[in-house]
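Coordinate analysis (summary)
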Amino acid sequence: MAWSFNTEPEFQLELDWIDQFVRAEVEPLDLVLGAPHDIRAPGFEQLVRPLQAQVKARGLWACHLGPELGGKGFGQLKLALINELIGRSRFGPIVFGAQAPDSGNADVLAAYGTPEQKKRYLEPLLANEVVSCFALTEPQGGADPTMVDTTAVLDGDEWVLNGEKWFASNASFASFFLIMAKTDPDERPHRRSSMFIVPAETPGIEIIKDYGVSGQIPTHAHMRWSNVRIPRENLLGARGEGFIVAQERLGGGRMHHAMRTIALAQSAFEKMCERAVSRMTKGEHLARKQMVQAQVADSWAQLRQFRLLVLETAWLADNGHSWKDLRRNVAAVKFLMPQVLHDVASRALQIHGSLGLTDEMPFTSMLITSYHMGLADGPTEVHKVTVAREVLKELQPAEGMFPDYMRDGKIADAKAKFGSVLTRAI
Ligand SMILES: Cc1cc2nc3c(=O)[nH]c(=O)nc-3n(C[C@H](O)[C@H](O)[C@H](O)COP(=O)(O)OP(=O)(O)OC[C@H]3O[C@@H](n4cnc5c(N)ncnc54)[C@H](O)[C@@H]3O)c2cc1C
């Protein structure tokens, strides 16, 4: 099994282009435009579309997709190297055709959609002519998706949906929804729900309120679905397989968030270092203070460790392991991601002093984003449980009262193994 840390020179040229393009052309959009998914907002056509055209011309559009869907089929490792550059900017993902939740929704449509569903929903989504929303979480509980209470009942040739959804991001901008609803209440919990595609103009869909996060534009919707009627064929995947369908988007989606989070943490780290070598106190730069050095060193090491786990997991995915096989890695990446961003951003804030706390700097926003990362797609605690379960599931309990790796026992084993040689040598 060959592995290396080399990047092909031709691909490095692409990475260099992406890096300078994101810094020079895309990052400035963050300062003048609102929500990236608001593709009808003033300025989007004039400012974002030309950048998307450059990305397409360069052959870097929707890199997460295989060639059959218009992507490059780069695989996860190259995708990680790309994402850790485009994630610097809020607009990076949409400029490169890789924004969540559309990227995950496209994965689901590609895997489970019928030819008609792909034509009607997937194609315009991949071209970013429309954006979409994924509505799973409900007001009474998100961390446990078996609590889904929204119902879908067959009435002749139509499904009728009723219920409420919570924190459905970008619902206001979406042309269609992927929604999970309970179709088989008498089945065991993971077989009760199914996934549906619902066009946004369907009567009965109401946004009760869009919630904002820490002063950002409100984009997370509390929704009510009242007698929403959709054709029978809008079921996505098989009846009762909502969990299996949802899983399709979550493994890759969590990894892609993590790849982009490296970019954010790296950006905080660069700023921390520049400030440390620039700011004077007590006759010397901050960089000369050992406690500042410790913060730089901790951040560098934490970021490198996290990046290596992300890259290793991406490499394994490229080498024949499904996201399901990689459950332990993905869950570890998922719970480390908020921690790394939180720690690096808060050290960067601290080293910038009062300036670090102001809106001139991105650090408070990064800290909020770290909480976003620790909740969306399942809270940290749940992912830690997954890692521990996966690690422990194949272990057998020790037979005796004491572990067989106690020193006395090990010495006896070693003597038995090497006894004759030792006797001769002595
Ligand atoms: C920015 C953002 C965007 C989101 N976008 C979407 C979206 O587009 N579509 C969508 O469907 N959902 C979305 N969500 C919802 C997200 O999936 C839920 O927030 C998440 O699953 C947690 O659900 P909850 O918020 O209801 O928390 P709860 O279920 O109320 O859990 C609260 C807390 O309880 C603790 N906890 C929960 N379960 C356990 C456990 N098993 N063991 C130990 N502790 C536990 C954790 O500390 C957890 O944070 C988004 C969330 C955020 C923050």
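On a predicted model such as this, the values are computed, not experimentally measured, just so you know.

1. Some details on the overall build of the chain
Looking only at helices and strands, the chain features 14 helices and ten strands. In terms of overall dimensions, the chain has a C-alpha envelope of 90 × 65 × 40 Å along the principal axes. Buried positions account for 39% of the 426 residues belonging to the chain. If you take every contact in the chain between residues at least 6 apart in sequence, the share linking residues at least 24 apart comes to 71%.

2. Let's talk about the site of the ligand
Among the 21 residues in the neighbourhood of the ligand, the closest are listed as Thr 137, Gly 142, Ala 143, Ser 169 and Glu 381. Looking at the shell around the ligand, the elements that each hand over two or more residues are strand S1 (132-135), strand S3 (158-169), helix H12 (363-375) and helix H13 (380-392). Partitioned by chemical class, the residues of the shell around the ligand number twelve nonpolar, seven polar and two charged.

3. Looking at helix H1 (residues 9-26)
Between the first and last C-alpha of H1 there are 24 Å, a value that for 18 residues agrees with the 26 Å anticipated at 1.5 Å per step. Residues of H1 that are buried include every one of Glu 14, Ile 18, Phe 21, Val 22 and Val 26, and no others. End-on, the buried residues of H1 take up no more than an arc of 100°, which puts them together on one face. H1 presents Pro 9, Gln 12, Leu 13, Asp 16, Gln 20 and Ala 24 as exposed residues on the side facing more than 90 degrees away from its buried surface. Elements that come into contact with the buried residues of H1 comprise helix H2 (29-32), helix H3 (44-57), helix H4 (76-86) and helix H5 (92-95).

4. Some points on the nonpolar core
One finds Ile 179, Phe 196, Ala 268 and Leu 341 to be the most contacted residues of the largest nonpolar core, which totals 99 residues. Broken down by element, this core gets its largest block of residues, 14 residues, from helix H10 (residues 327-351). If near-sequence neighbours (up to four positions away) are discounted, Ile 179 is found in contact with Ala 135, Leu 161, Lys 165, Phe 196 and Val 198.

5. With respect to the domain arrangement of the chain
One frequently used descriptor of interface size is the decrease in accessible area upon assembly of the parts. Domain assignment breaks the chain into domain 1 (9-99), domain 2 (132-240) and domain 3 (244-392). Computed from C-alpha atoms alone, the centre-to-centre distance between domain 1 and domain 2 is 29 Å. Its residues assigned to classes, the side of domain 1 that touches domain 2 shows two nonpolar, two polar and one charged.

6. Things to note about the environment of Pro 50
Here Pro 50 lies in helix H3. Residues Pro 50 and Val 95 lie 45 residues apart in sequence; the distance between their C-alpha atoms is 9.1 Å.

7. Here we look at helix H14 (residues 407-425)
Helix length check: H14, at 19 residues, gives a terminal C-alpha distance of 23 Å against a target of 27 Å (1.5 Å per residue), a shortfall beyond 12%. Remark: the principal bend of H14, roughly 70°, maps to Phe 418. Among the 19 residues of H14, zero are classified as buried, and the element is accordingly described as predominantly exposed.

8. A look at unusual backbone geometry
The peptide bond linking Ala 100 to Pro 101 adopts the cis configuration, its omega dihedral lying at 0°. Mapped onto the fold, Pro 101 is located in the loop between H5 and helix H6 (102-112). The phi torsion at Asn 128 lies on the positive side, around 55°, for a residue other than glycine. Its place among the elements puts Asn 128 in the loop between helix H7 (115-126) and S1. Given 20 C-beta atoms within a 10 Å radius, Asn 128 is considered buried.

9. Brief notes about the pairing of strand S2 (residues 151-155)
Pairing geometry for S2 and S3, over five bridges, is antiparallel. Residue Ala 152 lies in a different strand from S3, and its bridge partner there is Leu 161. Adjacent in sequence and paired antiparallel, S2 and S3 are bridged by two residues, among which Gly 156 carries a positive phi angle near 65°.

10. Some thoughts on the packing of H10 against H13
The description of two packed helices rests on the angle between their axes and on the distance between the axes. Relative to each other, H10 and H13 sit at 145°, their axes nearing to 8 Å. Between H10 and H13 lies a crossing of left-handed hand. Counting all contacts with H10, which are made through Arg 327, Arg 328, Ala 331, Ala 332, Lys 334, Phe 335 and Pro 338, the residues of H13 involved are Thr 380, His 383, Lys 384, Thr 386, Val 387, Glu 390 and Val 391. Of the residues in the contact of H10 with H13, the class split is six nonpolar, three polar and five charged.

11. Quick notes on the environment of Ala 111
The topology assignment puts Ala 111 in helix H6. Spatially, the C-alpha atom of Ala 111 lies 15 Å from that of Leu 125, the residues being 14 residues apart in sequence.

12. A few points about the packing of H10 against H12
Contact geometry of H10 with H12 gives a least axis separation of 8 Å together with a crossing angle of 165°. Regarding the angle of H10 to H12, the classification is roughly antiparallel. Both H10 and H12 take part in a crossing whose hand is left-handed. Here Met 337, Pro 338, Leu 341, His 342, Ala 345, Ser 346, Ala 348 and Leu 349 of H10 lie close against H12, whose contacting residues are Phe 363, Met 366, Leu 367, Thr 369, Ser 370, Tyr 371, Met 373 and Gly 374. When its residues are assigned to classes, the contact of H10 with H12 shows eleven nonpolar, five polar and no charged.

The rules we used
Residues numbered from 1 in each chain as written. Predicted model: local features only at pLDDT ≥ 70, side-chain atom pairs only at ≥ 80, totals over all residues. Helix = DSSP H or I, 4+ residues; strand = E, 2+ residues; numbered from the N terminus. Buried ≥ 20, exposed ≤ 12 C-beta atoms within 10 Å, placed from the backbone. Contact = placed C-beta atoms within 7 Å. Near = placed C-beta within 6 Å. Nonpolar A, V, L, I, M, F, W, Y, C, P; charged D, E, K, R; others polar. Expected span 1.5 Å × (residues − 1). Arc of directions from axis to C-beta. Core = buried A, V, L, I, M, F, W, Y, C linked by C-beta atoms within 7 Å. Domains from an automatic or database assignment. Bend = angle between axes of the 7 residues up to and from the residue. Pairing = 2+ DSSP bridges. Axes fitted to C-alpha atoms, helices over the stretch in contact; angles between N-to-C directions. Left-handed = near helix turned anticlockwise from the far one by under 90°. Parallel < 35°, antiparallel > 145°, perpendicular 65-115°, else oblique.

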